[in-house]
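Residue-level structural notes
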Amino acid sequence: MSYALAALAGVLSFLAYPFWIVDPPSGPTEWLSLPALIFVAGAPFWLVVLREPSRGRRFRLGWLTGFIHLVGMQNWISGTLVSMSHFPGWGAFLGMLAYAAFAGLPWAFLGLMARPARELIGPGMFVALPTAAALLEHYAPVLFPFHTSNAFFEHPFMIQTADLIGIAGVSALIHAVNLLLAETWAARSERRPIPRRPLIAIGALWTLALGYGALRERGLADVAEARSIEVLLVQPNMTVDEKNSDDTKVREVVWARTAQQTWRAVGSQPPDLVVWPEGGFPLTYLPGPNPEKPNRAQRFSERLRHFAGKLGVDFITGGLGSAVDNRASNTAMFFPKGRQGEPERYLKQQLLLFGESVPFADTFPALRDAIPGMSHHVAGTSFATWTVAGLKFAPTICYEAIFSGFARDALAAGDADVLLNVTNDVWFGHSPAPIQHLMVQQPRAIEARRWLVRSTNTGITALIDPTGTIVTRTGLDEATSVRASLSIPVPIATLWMPVGDAPLVILGAACAAWAFWRRRALGRPGPQKPA
């Protein structure tokens with residue numbers, strides 16, 4: 001029964017997030033998710049690990065929950081390994097299982113510490129264990145991290161306190177509800193008093209959180225507008241076959257198609273800013289001036305400069321840039337309106353392991369070509385801030401924006417007004433992955449109270465306002481554009497911007513010190529079973 005409950009927790013957890021694609025006859029792509037489940041999904045896990053006296057079984061129970069959660073939620077990894085790195089189907093499936101096995105370890109460690117926490121600090125576990133769960137989600141070294149509270153990305157009312165305690169802090173509050181449910185159920189079945197004080201405390205915290213959310217959303221609606229800007233986000237829908245093609249003529253066709261799509265969208269009334277996604281320029285960009293006999297990349301780099309000048313507006317695009325040691329850089333380029341010559345460049349700093357960065361390849365260069373389709377890019381070392389129509393944009397590339405601390409630093413580096421993200425999710429195919437990618441980026445708007453402008457190749461392109469509301473978005477696998485006028489409010493102060501996740505880390509350290517002190521005070525090497 002214990003393993004069945006642990007497995008149930010894993011199933012309920014992944015059902016709370018987008019897990020199934022729905023393609024309606026008209027309109028953008030939809031998806032299935034059951035976010036309310038996140039308030040009960042972890043209860044079976046806590047129930048079994050709090051009751052289980054064996055350390056080994058607690059570890060295995062926790063790992064099983066995490067493993068099933070990851071397999072259910074991120075099984076698209078196998079398809080990505082096929083499309084990006086050309087794994088055979090069976091190898092990609094085993095790779096996905098191996099990743100899920102590793103990513104399940106934080107749950108295993110959480111299960112390991114659950115019962116000792118109750119024995120050592122009693123009701124203090126309602127603070128210590130949810131904090132530990134949130135910190136493990138936040139700092140575990142996994143490729144595609146996410147938080148429990150991301151389940152409410154379509155219901156931002158539930159997570160407005162992220163501007164105070166970060167999305168990880170909101171997740172801790174959700175874990176506390178699950179732990180309370182589990183302990184209440186255990187108390188009733190064992191005919192002992194239910195934990196009334198934790199029940200009152202957690203209920204009060206959520207009452208305050210929801211009240212704060214209502215006030216914050218209303219207050220943001222009344223903030224005076226500072227200035228407006230019209231943006232055009234172009235979604236060219238370059239296919240995975242076009243991306244993988246070694247034929248440069250295929251890339252030339254993509255370039256021509258994207259340029260024509262842009263001219264049609266610009267029309268007779270140019271916007272303030274045009275944005276192409278990551279990889280929007282489908283060839284390697286080489287700076288000018290060109291030699292007397294330029295190669296193909298040099299010719300098309302010149303065409304890009306000419307296109308930007310002729311466009312007559314501020315223009316941003318992603319693309320590969322030339323770098324040292326025959327290595328490329330994943331780059332965003334900004335062509336300011338009216339300025340001739342080279343663009344301002346931002347080089348991606350957070351490289352995707354096994355996609356853009358090969359472990360130990362700097363020491364053993366032969367590893368760079370060990371797996372087809374795997375790149376080893378040069379990482380950037382600094383942030384950029386680009387000014388458009390008097391507003392400052394902080395560029396990020398692809399999954400950089402899923403890391404709250406990174407986005408915070410990018411905004412703070414230039415005191416930016418808008419967080420910009422350019423993404424290429426073509427490798428994920430027609431799966432829930434692009435939706436989950438949007439899901440884990442959405443809280444950045446709430447934490448910093450800034451607009452998030454998100455331009456993608458195949459979807460989902462979106463505009464997210466400072467309340468976290470997805471104002472407009474595209475579907476998957478469609479060539480389309482988003483044109484909108486954004487009302488950028490005066491800078492809005494948030495507690496999270498100056499302090500980040502420090503309060504949650506300090507709270508976690510304090511709980512660990514408390515447990516350690518209690519163990520020392522009891523004069524025993526480790527927790528024992530209660531009498």
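Scope of this entry: the structure provided in the associated data block. (Residues numbered from 1 in each chain as written. Predicted model: local features only at pLDDT ≥ 70, side-chain atom pairs only at ≥ 80, totals over all residues. Heavy atoms only, no water.)

If you tally the helices and strands in the chain, you get 17 helices and 15 strands. The C-alpha atoms of the chain give a radius of gyration of 25 Å, which matches the 24 Å a tight globule of 531 residues would have. Its C-alpha atoms give the chain principal-axis dimensions of about 85 × 55 × 50 Å. Considering the chain as a whole, with its 531 residues, one finds that 56% of them fall into the buried category. Long-range pairs, those at least 24 residues apart, make up 70% of the contacts in the chain between residues at least 6 apart in sequence. Accessible area for the chain stands at about 22,500 Å²; split by element, carbon and sulfur atoms hold 62% of it. (Helix = DSSP H or I, 4+ residues; strand = E, 2+ residues; numbered from the N terminus. Rg over C-alpha atoms; globule rule 2.2 N^0.38 Å. Buried < 20%, exposed > 50% of the residue type's maximum accessible area, 1.4 Å probe, protein only. Contact = heavy atoms within 4.5 Å. Areas by Shrake-Rupley, 256 points an atom, 1.4 Å probe, with all protein chains shown as cover.)

As a further point, take the pairing of strand 14 (residues 470-473). Here strand 13 (residues 462-464) runs beside strand 14; their pairing, made up of three bridges, is antiparallel. Each residue of the ladder has a partner; that of isoleucine 464, found in strand 14, is isoleucine 470. (Pairing = 2+ DSSP bridges.)

Taken in spatial order, the six strands of this open sheet run 9-10-11-12-13-14, and their pairing is mixed. Looking at the sheet topology across the chains shown, the edges are occupied by strand 9 (386-388) and strand 14. Between one strand axis and the next, the sheet turns by 25 degrees as a mean value, whatever way the strands run. Alignment of strand 11 (residues 418-423) against strand 12 (residues 451-456), held across six bridges, turns out to be parallel. Note that in strand 12 the partner of threonine 423 across the bridge is threonine 456. Packed onto the sheet, helix 13 (residues 404-414) meets strand 10 (391-397) and strand 11 and runs at close to 145 degrees relative to strand 10. (Axes fitted to C-alpha atoms, helices over the stretch in contact; angles between N-to-C directions.)

To continue, consider the packing of aromatic side chains. Summed over the entire model, instances satisfying the criterion amount to 24 aromatic pairs. Seen from their ring centres, phenylalanine 315 and phenylalanine 335 are 5.8 Å apart, and the 25 degrees between their planes marks the pair as stacked. Of this pair, phenylalanine 315 sits in strand 6 (residues 314-322) while phenylalanine 335 sits in strand 7 (residues 328-335), and the two are 20 residues apart along the sequence. Taking the relative accessible area as the measure of exposure, phenylalanine 315 reaches 0% and is therefore buried. Each ring, one from phenylalanine 334 and one from tryptophan 386, has its centre 5.3 Å from the other, and the planes form 20 degrees; the classification is stacked. Note that phenylalanine 334 is positioned in strand 7 and tryptophan 386 in strand 9, a separation of 52 residues in sequence. Neither phenylalanine 334 nor tryptophan 386 differs from the other in exposure class; each is buried. Ring pairing ties together the aromatic residues Trp255, Trp263, Trp276, Phe281, Tyr285, Phe300, Phe307, Phe315 and Phe335, which thus form one cluster. When the ring centre of phenylalanine 300 is taken as reference, the NZ or CZ atom of arginine 303 above it lies at 4.3 Å. Above the ring of tryptophan 496, the side-chain terminus of arginine 408 is found at 5.9 Å from the ring centroid. (Phe/Tyr/Trp six-rings, centres within 6.5 Å; stacked < 30°, edge-to-face > 60°. Lys NZ or Arg CZ within 6 Å of the ring centre and 35° of its normal.)

For helix 8 (residues 162-189), with 28 residues, the first-to-last C-alpha span of 36 Å runs short of the 40 Å given by 1.5 Å per residue. Along its length, helix 8 shows its largest kink, about 70 degrees, at alanine 168. Summarising burial for helix 8: 21 of the 28 residues are buried, a large majority. (Expected span 1.5 Å × (residues − 1). Bend = angle between axes of the 7 residues up to and from the residue.)

Moving on: the nonpolar core. Proteins that are soluble and globular tend to have nonpolar side chains buried together. The biggest cluster of nonpolar side chains holds 114 residues, and the ones touching the most others in it are Trp46, Trp206, Leu463 and Leu486. Looking at which element gives the most residues to this core, the answer is helix 8, with eleven residues. One finds Val234, Phe307, Leu311 and Val313 within the second-largest nonpolar core, a separate group that totals 19 residues. (Core = buried A, V, L, I, M, F, W, Y, C linked by side-chain atoms within 4.5 Å.)

Along an α-helix, a turn takes 3.6 residues, which lines up residues three or four apart on a common side. Relative to the 27 Å expected for 19 residues at 1.5 Å per residue, helix 3 (residues 55-73) spans 27 Å between its end C-alpha atoms, a close match to the ideal helical length. Among all positions in helix 3, only Arg58, Leu61, Gly62, Leu64, Thr65, Gly66, Phe67, Ile68, His69, Leu70, Gly72 and Met73 are buried. Lining the buried residues of helix 3 we find helix 1 (2-15), helix 2 (43-51), helix 5 (89-103), helix 6 (105-121) and helix 14 (433-441).

One side chain can pair with another of opposite charge once the charged atoms of both are near each other. Under the defined criterion, the tally for this structure stands at 17 salt bridges. Two residues, aspartate 163 and arginine 449, come together in a salt bridge whose shortest N-O distance is 3.1 Å. Taken together, the residues span a long stretch of sequence, with aspartate 163 in helix 8 and arginine 449 in the loop between helix 15 (443-448) and strand 12 at a distance of 286 residues. Of the two residues, aspartate 163 and arginine 449, both sit in the buried class. Its salt-bridge partner being arginine 444, residue glutamate 447 comes within 2.8 Å of it at the nearest N-O pair. Residue glutamate 447 and its partner arginine 444 are located together in helix 15, separated by three residues, close to a single helical turn. You'll find glutamate 447 and arginine 444 in the same group, each marked buried. Via salt bridges that share partners, Arg51, Arg118, Glu183, Glu190 and Arg192 belong to a single interconnected network. (Salt bridge = Lys/Arg side-chain N within 4 Å of Asp/Glu carboxyl O.)

The next thing to look at is the environment of proline 282. Residue position: proline 282 is located in strand 5 (residues 281-285). Along the backbone, proline 282 and glutamate 242 are 40 residues apart, and their C-alpha atoms lie at a distance of 9.5 Å. Not counting the four nearest positions on each side in its chain, proline 282 is found in contact with Met238, Arg251, Val254 and Trp255.

By themselves these figures say nothing about function.
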